[in-house]
Amino acid sequence: MKGLLICDCDEVLLHMVRHFGVWLREAHDITFALDGGDFANSMTRSNGAPAPTREEMWGLLDQFFPHEMGRQTLVPHAREALAALSKVADVVILTNLGDHNREPRIAQLLGHDMDYRVETNQGGKGDPVARLVAEFGNPVTVFVDDLPVHHASVAKHAPEVHRVHMVSEPDLAVHMPPAPDAHVRIDDWQAAHVWIAERFAAGRPA
């Protein structure tokens, strides 16, 4: 039986925050701090006006996705690693975006020669990961994500899944400690490829 690789997209396969920050500055005169903090608390207006509220932050993200997704760039070695791993595992991209962004995300990944199943999600990823594991017949599964909250969710709902904490943006990674509920922290796809391939080759759950 083939393994199953469930992989996040933003800050795992595609750089997002650096491009979001550039767009905020260009389009809205907002400075965005890459410090790993809450998005709303990371925004300040250059003219000294009050910072965007949480509601305004969600509105800005809704403008970036899907209209500015073309700014995002591929994380080094991500495409090659997934292509190699797809020979021994099914690959599903589980991305926390509104369902209306599923088709734009598929098109975006196809533009980077990554033709994989895409599932959109809102909230914790534990339940959708558990459903995918069951759908594929409970194979050896590896989950890759940049946010600790999702590793905690997967640890709760699908504890047999191997969990890789990856933060591919260097300016963000230095501010983010390893996720307590991940099995390993690896921010480079060449090293992650080796670790993930070893889990599939061993054929054992976490």
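Residues numbered from 1 in each chain as written. Predicted model: local features only at pLDDT ≥ 70, side-chain atom pairs only at ≥ 80, totals over all residues. Heavy atoms only, no water.

**Student:** Help me get a handle on the overall build of the chain, residues and values and all.
**Tutor:** Across its full length, the chain holds eight helices and ten strands. Its C-alpha atoms give the chain a radius of gyration of 17 Å, within 12% of the compact-globule value 17 Å for 206 residues. Seen along its three principal axes, the alpha-carbon backbone of the chain occupies a region of about 55 × 35 × 30 Å. Burial status across the chain gives 47% buried among its 206 residues. A sequence separation of at least 24 residues applies to 64% of the contacts in the chain between residues at least 6 apart. Of the roughly 9,500 Å² that the chain leaves accessible, carbon and sulfur atoms contribute 52%. Averaged over its 18 positive side-chain charges, the chain has a centre that lies 4 Å from the centre of its 29 negative ones. (Helix = DSSP H or I, 4+ residues; strand = E, 2+ residues; numbered from the N terminus. Rg over C-alpha atoms; globule rule 2.2 N^0.38 Å. Buried < 20%, exposed > 50% of the residue type's maximum accessible area, 1.4 Å probe, protein only. Contact = heavy atoms within 4.5 Å. Areas by Shrake-Rupley, 256 points an atom, 1.4 Å probe, with all protein chains shown as cover. Lys, Arg positive; Asp, Glu negative; His and termini not counted. Charge placed at Lys NZ, Arg CZ, Asp CG, Glu CD.)

**Student:** Give me the lowdown on the layout of surface pockets, citing residues and values where you can.
**Tutor:** Left-over empty space is what a probe sized like a water molecule reveals as it rolls over the atoms. The computed volume of the largest pocket comes to approximately 850 Å³. Phe39, Trp58, Leu61, Asn96 and Leu147 are the residues nearest the centre of the largest pocket, which is lined by 35 residues in total. Grouping the amino acids of the lining of the largest pocket by side-chain chemistry returns 14 nonpolar, eleven polar and ten charged. (1 Å grid on protein atoms, 1.4 Å probe; cavity = no way out; pocket = protein on both sides within 12 Å on 5 of 7 lines; lining within 4 Å. Points joined across faces, edges and corners; volume = space filled by probe spheres on them. Nonpolar A, V, L, I, M, F, W, Y, C, P; charged D, E, K, R; others polar.)

**Student:** Go over the pairing of strand 7 (residues 117-120) with me, naming the residues and quoting the values.
**Tutor:** Of the two faces of strand 7, only one is covered, namely that formed by Val118 and Thr120; the face formed by Arg117 and Glu119 stays uncovered. Bridging between strand 6 (residues 89-95) and strand 7 involves four bridges; their strand directions are parallel. Following the sheet pairing, Val92 is matched in strand 7 by Arg117. Regarding topology, helix 4 (residues 102-110) serves as the crossover connection from strand 6 to the parallel strand 7, and that connection is right-handed. (Pairing = 2+ DSSP bridges. Right-handed = clockwise from strand over helix to strand, strands pointing away.)

**Student:** Run through the packing of helix 3 (residues 78-85) against helix 8 (residues 189-202), naming residues and quoting values.
**Tutor:** The geometry of helix 3 relative to helix 8 is characterised by a closest axis approach of 9 Å and an angle of 15 degrees between their N-to-C directions. Considered as vectors, helix 3 and helix 8 are oriented roughly parallel to each other. The hand of the helix 3/helix 8 crossing is right-handed. Within the contact between the two elements, helix 3 uses Ala78, Ala81, Leu82, Ala84 and Leu85 and helix 8 uses Trp189, His193, Ile196, Ala197 and Phe200. Tallied by class, the residues present in the contact of helix 3 with helix 8 amount to nine nonpolar, one polar and no charged. (Axes fitted to C-alpha atoms, helices over the stretch in contact; angles between N-to-C directions. Parallel < 35°, antiparallel > 145°, perpendicular 65-115°, else oblique. Left-handed = near helix turned anticlockwise from the far one by under 90°.)

**Student:** Describe the environment of Val161, with residues and values.
**Tutor:** Of note, Val161 is situated in the loop between helix 6 (148-157) and strand 9 (162-165). Sequence separation between Val161 and Pro205 is 44 residues; the distance between their C-alpha atoms is 6.3 Å. The residues touching Val161, leaving out its near neighbours within four places in the chain, are Val129, Val133, Thr141, Val142, Phe143, Val154, His183 and Ala206.

**Student:** Which residues make up helix 2 (residues 54-64), and what are the values?
**Tutor:** Every α-helix carries 3.6 residues per turn, so stepping three or four residues along brings you back to the same face. Within helix 2, burial applies to Met57, Leu60, Leu61 and Phe64. Around the axis of helix 2, the buried residues are gathered within 100 degrees of arc, so they sit on the same side. Turned more than 90 degrees away from the buried face of helix 2 sit Glu55 and Trp58, all of them exposed. The inward-facing, buried residues of helix 2 contact helix 1 (17-28), strand 3 (30-32) and strand 4 (43-45). (Arc of directions from axis to C-beta.)

**Student:** If you had to explain the pattern of salt bridges to someone new, which residues and values would you point to?
**Tutor:** Think of it this way: side chains of opposite charge can pair up when their charged atoms draw near. The tally for this structure, following the rule as stated, stands at twelve salt bridges. Note that Arg185 is salt-bridged to Asp187, the shortest N-O span being 2.7 Å. Each of Asp8, Lys125 and Asp145 takes part in salt bridges that share partners, so that together they form one network. (Salt bridge = Lys/Arg side-chain N within 4 Å of Asp/Glu carboxyl O.)

**Student:** Go over the side chain of Asn101, please, and point to the residues and values.
**Tutor:** Looking at where Asn101 falls in the secondary structure, it is placed in the loop between strand 6 and helix 4. A relative accessible area of 2% means that Asn101 is categorised as buried. Apart from residues lying up to four places away in sequence, Asn101 is in contact with Phe65, Pro66 and Thr120.

As far as function goes, none of this settles anything; it's purely spatial.
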